[in-house]
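Architecture at a glance
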Amino acid sequence: RPGGAGMGGSGDASRAVADWRLAVWTLCSVLLPVLITAWCSFQRSRRQLLFQDIFLKSKHNWHYTDLFGQPSYCCVCAQHILRGAFCGCCGLRVSESCLKKAEQRFLCKEIMMRGAGAAPGSMPHHWIRGNVPLCSCCVVCKQQCGTQPKLCDYRCVWCQYTVHDECMVDCLRTEDCTFGEFKDLIIPPYYLSIINQMRKEKRTSYEKVVPYGRKHWTPVIVLANTRSGNNMGETLLGEFKMLLNPVQVFDLSKITPAKALQLCTLLPCNAVRVLVCGGDGTVGWVLDAIDEMKIKGQERYIPQVAILPLGTGNDLSNTLGWGAGYAGEVPVEQILRNVMEADGIKLDRWKVQVTNKGYYNLRKPKVFTMNNYFSIGPDALMALNFHAHREKTPSLFSSRIINKAVYFFYGTKDCLVQECKDLNKKVELELDGERIELPNLEGIIVLNIGFWGGGCRLWEGMGDEPYPLARHDDGLLEVVGVHGSFHCAQIQVKLANPVRLGQAHTVRLILKSSKMPMQVDGEPWAQGPCTVTITHKTHALMLYHSGEQTDDDDASSLSE
């Protein structure tokens, strides 16, 4: 028995040792990846701190990346690199160890020429060696460039021409740059030098200065909201800076549209085009800034506005032919071609005045500017819930798909709860001063454009009933009613028609009692008893792209 007890004790000890070893290995297997990840993060942040000082003082627009998207070679040592820094304006790519040498050796794109010996109205090519775009062709021999696995061939950062090493001759190094395919959109550095000199001499006749060889010069200004929709703004900023003069490209998270649009006053009258990269809210922000230019007496510098849709709904973009959403499927070069080919049209803009009842009229009325639509009812409730959720956790709403899924969730919830029922008993509606008898409704929507709710043609519905044509430049609003969230969903899939209440130049809506959700162009709020008056405010100069459209192309072109 003592021997058996001893054997039992040794067995327990061996099991304890085995359990201890298992615990140690389990702990190691968990901690090791965590430690490796933490060490890599520390090293990366350390590298970024080391480079930060160089990046801030540099004339290049350096960005650091852990992995280049295509085979890349250092412009200094010519070695193949997987990670390093790249310039978002001229396209230089360098390894970490060669960054300081590249800073000293290579010049970036000059937004304004400073050389005293440069001839006015011209400038030479600015060649960068290596890392040419895929599938680019040599301007001399017309053969493909960049096919060898090494640092080879040249690219001009302005005209984007590419040349083989063996085809590069002295005349190409010294000849004047033509600025390539997008010469009518680019603001040449020498033009800004001339304007700068004129400002010093207090001359303001800028319209007489036209870049050499530009018969139809329509410079473009790019305004990108890096916080819109699917967060593609940052990538687009770099791509546009590569193709245009960096001075033409603005990040709206760092500068307001009002300040950015002052560049228009240095350019020819009625010639500038603005490309807004963002959602409908960003477009409205830019159009408000253009209205401020009118107030300042700068009407002759008013630009025409094109849209690259990065938001969630993008109904205004859809109406003007720019599509329901951009996810990188179209090259930036094609976007610029579309801007060049687009036709100018007008867009009605409306004043929405909300006057609260009571308070002895001491409160100032709320005033909004409407481009798309105004609504009261279930769609405004969905927008209100969505915005409240997004303000609490903004990091979750970085994808267009997630945003639409949240809208769908709140729409389904309202189908069950019906928070906006009996709206017809709570409001009165007047169209051009005439009282409208309302049927049983949960929502009223006032439309200025053809699309609503992320791509639905609300006024047309199923298209099986006769209805007056709707336009966005005729000074008329279309007013419809909906029976609830489920009715809205049926209209979106063309299984039902809206309740068409009429068209009018002026819309007046009186909320008699209770608090109801309202929205103007996707900006929602909860509103108590009030009077809402919608009147025509002004026109905006927009650009219409008649190429790629969504469904019902023919009906769209007829109705607009």
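Per chain, residues are indexed from 1 in the order of the written sequence. Whole-chain, interface and lining totals are the exception, using all residues; otherwise, since this is a predicted model, local features are given only for residues with pLDDT of at least 70 and side-chain atom pairs are given and counted only at 80 or more. To obtain the side-chain values, all non-hydrogen atoms of the structure were used and water was disregarded.

By the naming in an unreviewed UniProt entry, the chain is Diacylglycerol kinase, taken from Origma solitaria. Heading Sequence similarities (unreviewed entry) of the UniProt record for the chain holds this comment: "Belongs to the eukaryotic diacylglycerol kinase family." UniProt positions are given in the numbering used here, feature names are shortened, and annotations may be inferred rather than shown by experiment.

Right, let's talk about the pattern of salt bridges for a bit. Salt bridges, as used here, are contacts in which a Lys or Arg side-chain nitrogen is within 4 Å of a carboxyl oxygen on Asp or Glu. The tally for this structure, following the rule as stated, stands at 11 salt bridges. With a closest N to O distance of 2.8 Å, Asp288 and Arg349 form a salt bridge. One end of the pair, Asp288, is in helix H7 (residues 280–295); the other, Arg349, is in strand E13 (residues 343–356), and 61 residues separate them in sequence. Residue classification places Asp288 among the partly exposed positions, given a relative accessible area of 32%. In this structure, a network of salt bridges that share partners links the residues Asp288, Asp291, Lys294, Arg349 and Lys537. Counting from the N terminus, the helices are the DSSP runs of H or I reaching at least four residues and the strands are the DSSP runs of E reaching at least two. Relative accessibility decides the category of a residue: with a 1.4 Å probe and only protein chains considered, values under 20% of the type maximum give buried, values over 50% give exposed, and everything between is partly exposed.

Within a beta sheet, neighbouring strands are joined by backbone hydrogen bonds and run either parallel or antiparallel to one another. Only strands joined by at least two bridges in the DSSP assignment are considered to pair. Taking strand neighbours across the sheet as the criterion, the 3 strands line up as E6-E7-E8 in an open arrangement whose pairing is antiparallel. Here the strands that pair on one side only, and so sit at the sheet edges, are strand E6 (127–129) and strand E8 (162–163). As paired elements, strand E7 (residues 154–156) and E8 share 2 bridges and run antiparallel to each other. Along E8, the bridge assignment pairs Tyr154 with Val163.

Taking 1.5 Å of rise per residue, the 16 residues of H7 would be expected to cover 22 Å, and the 23 Å separating its terminal C-alpha atoms lies within 8% of that figure. Every buried residue of H7 is listed here: Asp280, Thr282, Val283, Gly284, Val286, Leu287, Ala289, Ile290, Asp291 and Met293. Where H7 ends, the next residue or the one after it, Gly297, has phi of about 80 degrees, a positive value. A helix is expected to span 1.5 Å multiplied by its residue count minus one.

Another aspect to go through is the packing of aromatic side chains. Note on aromatic contacts: the rings of Phe and Tyr and the six-membered ring of Trp form a pair at centre separations within 6.5 Å, being stacked when their planes are under 30 degrees apart, edge-to-face when over 60 apart, and tilted otherwise. Tallied over the entire structure, the rule returns 4 aromatic pairs. Centre to centre, the rings of Tyr191 and Trp217 are 4.9 Å apart; their planes meet at 65 degrees, and the pair counts as edge-to-face. Of this pair, Tyr191 sits in helix H4 (residues 189–200) while Trp217 sits in the loop between H4 and strand E9 (220–224), placing them 26 residues apart in sequence. By relative accessible area, Tyr191 is classed as buried at 1%. A relative accessible area of 7% places Trp217 in the buried class. An angle of 20 degrees between the planes, with centres 4.7 Å apart, marks the rings of Phe368 and Trp525 as stacked.

Here we come to the UniProt feature "transmembrane region" (unreviewed entry) in the chain. Here the UniProt feature "transmembrane region" (unreviewed entry) sits at residues 22–42. Between the first and last C-alpha atoms of residues 22–42 the distance is 30 Å; the span itself is 100% helix and 0% strand.

Residues belong to one nonpolar core when they are buried, are Ala, Val, Leu, Ile, Met, Phe, Trp, Tyr or Cys, and are joined through side-chain atoms within 4.5 Å. Judged by nonpolar contacts, the single largest core of 99 residues is most densely connected at Tyr191, Phe240 and Leu275. The element that contributes the greatest number of residues to this core is H7, accounting for 6 residues. Setting aside residues up to four positions removed in sequence, Tyr191 forms contacts with Tyr206, Val209, Pro211, Trp217, Leu266, Leu267 and Pro268. Among the nonpolar cores identified, the runner-up in size contains 32 residues, and Phe374, Leu381, Leu438 and Ile534 belong to it. Contacts are residue-level and defined by heavy atoms, with any inter-residue pair within 4.5 Å sufficient.

By secondary structure assignment, the location of Phe86 is in strand E4 (residues 84–87). Sequence separation of Phe86 and Asn61 is 25 residues, and the distance between their C-alpha atoms is 7.9 Å. Discounting chain neighbours no more than four positions away, the residues touching Phe86 are Asn61, Trp62, His63, Thr65, Phe68, Leu92 and Arg93.

To continue, consider the packing of helix H5 (residues 233–243) against helix H9 (residues 332–341). Each pair of packed helices can be summarised by the angle the axes make with each other and by the distance between the axes. Interaxial distance between H5 and H9 falls to 10 Å at its minimum, and their mutual angle equals 70 degrees. Relative to H9, the element H5 lies roughly perpendicular. Note that H5 runs across H9; the crossing there is right-handed. Here Leu236, Glu239, Phe240 and Leu243 of H5 lie close against H9, whose contacting residues are Val332, Glu333, Ile335 and Leu336. With axes taken as lines fitted to C-alpha atoms, and helix axes fitted only over the stretch in contact, angles between N-to-C directions fall between 0 and 180 degrees. An angle below 35 degrees is read as roughly parallel, one above 145 as roughly antiparallel, one from 65 to 115 as roughly perpendicular, and any other as oblique. Two helices crossing with the near one rotated counterclockwise from the far one by less than a right angle form a left-handed crossing, whereas a clockwise rotation gives a right-handed crossing.

One rule of thumb: low pLDDT means the predicted coordinates there are not for detailed reading. Confidence scores per residue from the predictor, reported as pLDDT, run from 0 to 100. In the predicted model, the chain carries a mean pLDDT of 84, and the fraction of residues at 70 or more is 85%. Model confidence for the chain, summarised as mean pLDDT per element, is weakest for helix H13 (residues 553–559) at 39 and strongest for E9 at 96. Segment residues 549–560 is flagged for pLDDT under 50; beyond a separation of four residues in sequence, or across chains, it makes 23 contacts in the model.

Our next topic: the sheet that holds strand E22 (residues 516–520). Pairing within the open sheet is antiparallel, and its 6 strands lie in the order E20-E19-E18-E15-E22-E23. Looking at the sheet topology across the chains shown, the edges are occupied by strand E20 (499–504) and strand E23 (523–527). Mean inter-strand twist for the sheet, computed between neighbouring axes without regard to direction, equals 15 degrees. Strand direction decides the pairing type here: strand E18 (residues 443–447) and strand E19 (residues 477–482), joined by 5 bridges, are antiparallel. Bridging from a neighbouring strand, Ile444 pairs with Gly481 of E19.

Tracing the sequence through the fold places Gln527 in strand E23. Under this definition, polar contacts are N or O atom pairs within 3.5 Å; protein pairs additionally need one hydrogen-donor-capable and one acceptor-capable atom, and for neighbouring residues in sequence, both atoms have to be side-chain atoms. A distance of 2.6 Å separates the side chain of Gln527 from the side chain of Asn356, its partner in a polar contact.

In the Ramachandran plot, Lys142 falls in the positive-phi region, its phi being about 65 degrees despite a non-glycine side chain. Here Lys142 lies in the loop between E6 and E7. Lys142 gets classed as exposed once you look at its relative accessible area, which sits at 58%.

So, about H9. Among the residues of H9, those classed as buried are Val332, Ile335, Leu336, Asn338 and Val339. Seen along its axis, H9 keeps its buried residues to an arc of 155 degrees; they face one direction. Elements in contact with the buried residues of H9: E9, H5, strand E11 (273–278), strand E12 (304–309) and strand E24 (530–544). Along the arc lie the directions from the helix axis toward the C-beta atoms.

Quick look at the state of the cysteines now. Here, the term disulfide refers to a pair of cysteine sulfur atoms separated by no more than 2.5 Å. For the coordinates displayed, the defined rule picks out 0 disulfides. No disulfide involves Cys108; its sulfur sits 3.6 Å from that of Cys87, the nearest cysteine. Of the cysteine sulfurs around Cys167, a residue in no disulfide, the closest is that of Cys138, at 3.9 Å.

It is worth spelling out the side chain of Lys241 at this point. Here Lys241 is to be found in helix H5. Although Lys241 lies buried, it forms no salt bridge, and the closest oppositely charged side chain, Glu234, sits 7.1 Å away as judged by the N-O distance. Apart from residues lying up to four places away in sequence, Lys241 is in contact with Asn61, Gly88, Cys89, Lys109, Pro246 and Val249. Positive residues here are Lys and Arg, negative ones are Asp and Glu, while His and the chain termini are left out of the count.

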